[in-house]
Amino acid sequence: MRWIAFALLLTLLGIGQASSQEPERVQFDDLLKGWNQTIQHATEALENDFARVDVAEIKDDLQATLDSAREARSQAMARLESAKQQLQSLTPPQSAAEEPKEQAAAEEPTAAPPEEPTAPSATAKIIELRKEMQSRVAKFNAQVTQANLIISQANELLESIAHWEQARNRAIFLKRSPPPFYPEIWQQAAADALAFARQAIAAPHTWWDTHQDQQGTWRLLAPLLAVLLLGLGIGWPTRLWLTRRFGRDAREPEPTYARRIVAAVADGIAHAVIPAAIVALILLVLYLQGVLTGMFALLFYWGGAALAAFLMTMGLVRAAVSPHLVAWRIVPIQPAYAYRLLQAIRGITASLLITLAVLAPAYYCKMLTPELESAFFIIQITLTSLLLVWALAPTHWETSLADSQSAGSVEQAAEQLDEPTTGDESEAVSEEEPSPRSWSDIGRKTVRVIMLLTPCLALAGYGRLAFYIQSRVVAAAILIGFALLLRLAIGEMSERWLARRRLMLNGAARKVEEAGQRKIRGILFWTGMAVDLLIFLPLMYVLLLLFGVPATTLQLWIDQLLSGIQIGTISISLGAILLAILVLIIGLLVTNLIRHWLTNRVLPNTRLDIGARNSIASATSYLGVAIALLIAISTMGVDFSSLALVAGALSVGIGFGLQNVVQNFVAGLLMLIERPIKVGDWVVVGTTEGTVKRIAVRATEIETFDRSSVFVPNSEFISSPVTNWTHQNRLARLIVPVRVAYGSDTKAVAAILLRCAKAHRCILRYPAPAAYFLAFGDFSLNFELRCYVNDTDYYLQAISELHFAIDKAFRQEGIEIPLPQRDLHLRSSSLALPPEQHNTGEIIDEQRVDKRG
């Protein structure tokens, strides 16, 4: 019956597999056909230099093919693993009693066949299904291989397209125009410029003559008027609301850096971005309606875009410079040159935007001749370079924002510059040591050098390259400056929030202690690291795009980093690593929260002592860290079986190298389980005596009575004797030895000792104190007082107070505490006797001197 049930199960399995096998094959074959067509089309377009196709469309098709192939590969790999597991499960389980019988039957060819008639048919069914599963495994292997091939081909094509784009951009920007040295070049450029100007002036009239007779022209212009009125109706109240709610306020004396940035952005949006947005909306409406055509459309669109960019840039720059409201300034300028800097920035922005607004329509209208291009670029690049070199001069900038604010407003700084300087002041200024150069000074100097070289390129005929370098450097400087401002604002906000939270936790009038400050510095450091990654990684991506790295290349780099590198059977992926780090951090945070919850909420409400509570909290922490590590490793895609093999191979070497560490770790676990010591115990280990502060993985921290921390390896507590004064309870016995002079009343001495012990507040009544007469000493009668103190924290204090009490009682009763006696023996042979003693026959053979002290 077992064979029949197994055969029925396999039959149902085979029917289900056969029913789903054909649709899977058809679906993958259709996908494969589409992928191959996309690869073939992209290859032909690349070979023809994209003569009649759009590059962006080809890249989108290849990216869609990549995504589809990766998804199909994942599905095929999942089905492959499932097929392998089913193939392994097709062998029927055998009991331990049947296995020797089948082996014996295999060894004896003449053995009788099995009695069950259905066994051969079931075995044949198993063989058939195994063959079918093997074919499925082979089919899914083939699908995975084909998907990998498509992915490889698509990546290679995308890389080839990226190289083609880079070559095309190099050819465009390295195209050389006639050098503007000769008068003929300027004459031809002037003629071409006049021809372009005539057509540009006549373009609106030409457009009007073309469209005035068409029906619906005025109707199409109605939405334009509606957008204009709507923009004015919404933009003006929005501007007032932004300036009042988020703008700069002269009544606020010391705004934070984040507040200043928000105010600058709000003022820039209110004064510039809203008008620029209205212009952009008008351009968008005209573009969507298709009202504007021809050269007039190009001039209108490019001119409107340049105007919107100019308004937005100057509004934000003026808000950042803040010539009059000193407290709201966010860039370290010299206030005396604020207006001149604004004029220079206005000229630079206008120069770059006018170049785009003029050359782009001329290029699309095929009126941009090489002579006109060469003459235009030499004028624009020289003007922009001179303005940038002047604006970035060191005299126009302060070393820090605090120095810029201390210089005051524009009027105050101008008055300071107009005041005459005395001789002593000039000598003091000249004797000042130059301040060290900051990164901003180095950056400004580098930009000035680059700007001085760009006119040389334009003179050599590489005007396009000079304009490319000039515009990219300016854009990169703006982006980097904005990123630095954002970083400073977020850092200041984090610091203020943490400091305020710390003060709230510790009390409003309580000073933040040093440990809290170190914790805040640590949190700020890691927060700053995370903010830097979130800000500068996108900034790096934008800068690479800005300087000509194709988006296709960047996408391939990101895909390679995220998809990983295959090393044998292990795939190393940056995305998996980052995800594993995130999982590990979350796991550690959750573990820490659970431990704090147990320590502060749950365990204090139990009857467990502090040692047991600490052991439970530590065990929870170790367990949580171990689980977080396992989850993080599995997130990285590491196979635990291969990891176990590697760990087994390295266990011997690690065992020899980390023998002491492992020994201390195991000892720490045993200490947490057996708990011979616990946190707060008074222990003596070797020559170390103190209170246990923390039991860690490797060592235990003991704080001595001198307030020094001693870290004792955990193995010392297992392998050597340990004295624990507070293991079961905190009682401690005091032994006070007392010596009295011979002749003292011994009964009275014992009564005094017991009275002093019973009178002390820390001495227990049970076990009762006892006074013992121990011995007759050389010079004293020896007594001993034995009693128990209720807490080891009062051990030394109780001994000291008992000494004071016994001394006072002995003085009142007239009982003397004797001093030790010493005998000094002097030999006569070692002394030179005077002559008169020899004559009288007095010989001192021995003197006995009794001395106390």
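The following refers to the structure shown. None of the values given here were measured: they were computed from a predicted structure.

1. Quick word on unusual backbone geometry
1) Next: Between Tyr-766 and the following residue, Pro-767, the backbone shows a cis peptide bond with an omega angle of -5°.
2) Next: With respect to the element layout, Pro-767 can be found in the loop between helix 23 (746-759) and strand 9 (770-776).
3) Next: The phi dihedral of Asp-49 is positive, around 60°, even though this residue is not glycine.
4) Next: Tracing the sequence through the fold places Asp-49 in the loop between helix 1 (2-47) and helix 2 (55-88).
5) Next: Asp-49 sits in the partly exposed class, given a relative accessible area of 47%.

2. Brief notes about helix 2
1) Next: Helix length check: helix 2 (34 residues) gives 49 Å between terminal C-alpha atoms against 50 Å at 1.5 Å per residue, within 8%.
2) Next: For helix 2, the complete set of buried residues consists of Val-55, Ile-58, Lys-59, Leu-62, Thr-65, Leu-66, Ala-69, Ala-72, Ala-76, Leu-80, Ala-83 and Leu-87.
3) Next: Residue Asp-54 occupies the N-cap position of helix 2, its side-chain oxygen lying 3.4 Å from the main-chain nitrogen of Ala-56.

3. Some thoughts on the pattern of salt bridges
1) Next: Applying the stated criterion across every chain, the model contains 9 salt bridges.
2) Next: In this structure, Arg-464 engages Glu-373 in a salt bridge whose closest nitrogen and oxygen atoms are separated by 2.6 Å. Of this pair, Arg-464 sits in helix 15 (residues 463-506) while Glu-373 sits in helix 10 (residues 370-391), and the two are 91 residues apart along the sequence.
3) Next: Its relative accessible area of 16% is what places Arg-464 among the buried residues.
4) Next: For the salt bridge of Arg-487 with Asp-532, the shortest nitrogen-to-oxygen distance reads 2.5 Å.

4. Digging into the environment of Ser-615
1) Next: You can see Ser-615 is positioned in helix 19 (residues 610-635).
2) Next: Once the C-alpha coordinates of Ser-615 and Val-679 are considered, the two residues, 64 residues apart in sequence, prove to be 8.9 Å apart.
3) Next: Among all residues touching Ser-615, those that are not within four sequence positions of it are Leu-672 and Arg-675.

5. Observations regarding the sheet that holds strand 10 (residues 781-789)
The strands that make up a sheet pair up through hydrogen bonds in the backbone, lying either parallel or antiparallel.
1) Next: Spatially, 3 strands are ordered 8-10-9 in an open sheet, and the strand pairing comes out antiparallel. Only two strands of the sheet have a single partner each, and these edge strands are strand 8 (732-740) and strand 9. Strand-to-strand twist in this sheet, taken as the mean axis angle between neighbours without regard to direction, amounts to 25°.
2) Next: Relative to strand 10, strand 8 runs antiparallel, the two being bridged by 9 bridges. Bridge assignment links Arg-733 to a residue of strand 10, and that residue is Tyr-788.
3) Next: The sheet contacts of helix 23 involve strand 8, strand 9 and strand 10, and relative to strand 10 the element is tilted by about 20°.
4) Next: In this fold helix 24 (residues 795-813) packs onto strand 8 and strand 10, with an angle of close to 25° to the strand it touches most, strand 8.

6. Structural notes on the packing of helix 10 against helix 14 (residues 439-459)
1) Next: Packing of helix 10 against helix 14 leaves a shortest axis separation of 9 Å and a crossing angle of 165°. Looking at the two axes, helix 10 sits roughly antiparallel to helix 14. Of the two possible hands of crossing, helix 10 and helix 14 adopt the one that is left-handed. In contact with Ile-378, Ile-381, Thr-382, Ser-385, Leu-388 and Val-389 of helix 10, helix 14 contributes Arg-448, Met-451, Leu-452, Thr-454, Pro-455, Ala-458 and Leu-459.
2) Next: For the contact of helix 10 with helix 14, a count of residues per class yields 9 nonpolar, 3 polar and 1 charged.

About the thresholds
- Residues numbered from 1 in each chain as written.
- Predicted model: local features only at pLDDT ≥ 70, side-chain atom pairs only at ≥ 80, totals over all residues.
- Heavy atoms only, no water.
- Helix = DSSP H or I, 4+ residues; strand = E, 2+ residues; numbered from the N terminus.
- Buried < 20%, exposed > 50% of the residue type's maximum accessible area, 1.4 Å probe, protein only.
- Expected span 1.5 Å × (residues − 1).
- Polar contact = N/O pair within 3.5 Å; in protein donor to acceptor, adjacent residues only side chain to side chain.
- Salt bridge = Lys/Arg side-chain N within 4 Å of Asp/Glu carboxyl O.
- Contact = heavy atoms within 4.5 Å.
- Pairing = 2+ DSSP bridges.
- Axes fitted to C-alpha atoms, helices over the stretch in contact; angles between N-to-C directions.
- Parallel < 35°, antiparallel > 145°, perpendicular 65-115°, else oblique.
- Left-handed = near helix turned anticlockwise from the far one by under 90°.
- Nonpolar A, V, L, I, M, F, W, Y, C, P; charged D, E, K, R; others polar.

Purely spatial values, then, with no claim about function.
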